[in-house]
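What the coordinates show
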Amino acid sequence: MLAELVAGAVADAAARRESRSLRRVEADALARPAALDAAAALAPADRVRIIAEVKRASPSRGPLAAIADPAALAVSYETGGASAISVLTEQHRFGGSLADLEAVRAAVAVPVLRKDFIVEEYQVLEARAAGADLVLLIVAALDQATLARLHGLIAGLGMTALVEAHDADEVERALEVGPALLGINARNLSTFELDRDLFARLVDRIPAGVIRVAESAVREPADVARYRAAGADVVLVGEALVTAGAPVGRIRAFLEAEPARVGAVPERSGAAEDPR
């Protein structure tokens, strides 16, 4: 599945390059106002941070929500307390687009993440030209040289990379490029199966000073609390927001469920306590 998604993203980028050259997209990227400081917006705090996702569909579940107005949804997320907005821009299996990202960027004041299968410089430049402040880099989709090169380009453009891993080896590869944010995705992108305990098993491999992001396997506030208890600084939530309705209240419930609201920031030990 991951190989198919990457191949499709590369083909789509090649098609866009036919009408918008690399030189043109680079000029557009450099002409944008400076990116927002996503690392500061998502830095560890006395409660969990939420990245809320604009997501119409997924390969595992098919259509999730129509989302006729992604900008309005993003404003609801921001109103609810989201610290950043993730926008799926892959068009075939997720139903997204760069136009969605541009609309969201124009509507909110928090950082915006381009979530896609990024494997080449053109896609990074597109992200900046569309107004992205963060770009997802999936370790499993990249060799080490490309991961390092794209991570450097993202930083050079003033953006922040969210480097995503799915196992212990990928965490080590991610750390080699010195990321500000390291995500652990509970969903295996080859099989799309979920491992709800993956974050708790891997979190201790992420050193202090790197923002720890838990991704996927969030259905209820208790899932956010479980990730927070395991040491997550940030939780990325997608399907649970677009399928449940009432996004403002839903995000507030996620924020209020986490354990740090009744005490200090949890220590970064690896032991996960299941609050359910």
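Report on the accompanying structure. (Residues numbered from 1 in each chain as written. Predicted model: local features only at pLDDT ≥ 70, side-chain atom pairs only at ≥ 80, totals over all residues. Heavy atoms only, no water.)

A look at the overall build of the chain
Each helix and strand in the chain was counted, giving 12 helices and 10 strands. Its C-alpha atoms give the chain a radius of gyration of 17 Å, near enough to 19 Å, the size a compact globule of 276 residues would have. Counting only C-alpha atoms and orienting by the principal axes, one finds that the chain spans roughly 55 × 40 × 35 Å. Sorting the 276 residues of the chain into buried and exposed places 55% on the buried side. Roughly 10900 Å² of accessible area belongs to the chain as shown, and the carbon and sulfur atoms make up 51% of that amount. Charge separation in the chain, taken as the distance between the mean sites of 31 positive and 39 negative side-chain charges, equals 3 Å. (Helix = DSSP H or I, 4+ residues; strand = E, 2+ residues; numbered from the N terminus. Rg over C-alpha atoms; globule rule 2.2 N^0.38 Å. Buried < 20%, exposed > 50% of the residue type's maximum accessible area, 1.4 Å probe, protein only. Areas by Shrake-Rupley, 256 points an atom, 1.4 Å probe, with all protein chains shown as cover. Lys, Arg positive; Asp, Glu negative; His and termini not counted. Charge placed at Lys NZ, Arg CZ, Asp CG, Glu CD.)

Notes on the pairing of strand β1 (residues 49-54)
Counting buried positions along β1 gives 5 out of 6 residues, so the element sits mostly inside the fold. With 4 bridges connecting them, β1 and strand β10 (residues 234-237) associate as parallel partners. Bridge assignment links Ile-50 to a residue of β10, and that residue is Val-235. Sheet topology places β1 next to strand β4 (residues 84-88); 4 bridges connect them, and they run parallel. In the sheet register, Val-54 faces β4, and the bridge partner there is Val-87. (Pairing = 2+ DSSP bridges.)

Things to note about a negative patch on the surface
Together, Asp-167, Asp-169, Glu-172 and Glu-176 give the surface a local cluster of negative charge. Classification of Glu-172 by relative accessible area gives partly exposed; the value is 38%. (Patch = residues over 30% accessible without salt bridge, like charges linked within 9 Å, V, L, I, M, F, W, Y side chains within 5 Å. Salt bridge = Lys/Arg side-chain N within 4 Å of Asp/Glu carboxyl O.)

Describing the pattern of salt bridges
Counting across every chain of the model gives 17 salt bridges. One salt bridge in this structure joins Asp-28 and Arg-20, with 2.8 Å as the shortest N-O distance. Under the relative-accessibility criterion, Asp-28 is labelled partly exposed at 22%. The partner of Arg-105 in a salt bridge is Asp-133, and the shortest N-O contact between them spans 2.4 Å. Taken together, the residues span a long stretch of sequence, with Arg-105 in helix α5 (residues 98-107) and Asp-133 in the loop between α6 (121-129) and β6 (134-138) at a distance of 28 residues. Within the structure, one salt-bridge network assembled from shared partners comprises Arg-16, Arg-114, Asp-116 and Glu-126.

Looking at the side chain of Asp-233
Within the secondary structure, Asp-233 sits in the loop between α10 (221-230) and β10. There is a polar contact of 2.8 Å between the side chain of Asp-233 and the backbone nitrogen of Arg-212. (Polar contact = N/O pair within 3.5 Å; in protein donor to acceptor, adjacent residues only side chain to side chain.)

Quick look at empty space enclosed by the protein
Counted under the stated rule, the structure contains 1 cavity of 30 Å³ or more. The volume enclosed by the largest cavity comes to roughly 30 Å³. Around the largest cavity sit Val-54, Lys-55, Arg-56, Val-87, Leu-88, Phe-94, Gly-95, Gly-96 and Asp-100, which together line it. For the lining of the largest cavity, the residue count by class is 4 nonpolar, 2 polar and 3 charged. (1 Å grid on protein atoms, 1.4 Å probe; cavity = no way out; pocket = protein on both sides within 12 Å on 5 of 7 lines; lining within 4 Å. Points joined across faces, edges and corners; volume = space filled by probe spheres on them. Nonpolar A, V, L, I, M, F, W, Y, C, P; charged D, E, K, R; others polar.)

Some points on unusual backbone geometry
With glycine set apart, most residues show a phi of negative sign, and most peptide bonds adopt trans. One non-glycine residue, Ile-67, lies in positive phi territory at about 50°. Structurally, Ile-67 is set in the loop between β3 (62-63) and α4 (70-80). Here Ile-67 falls in the buried class, since its relative accessible area comes to 12%.

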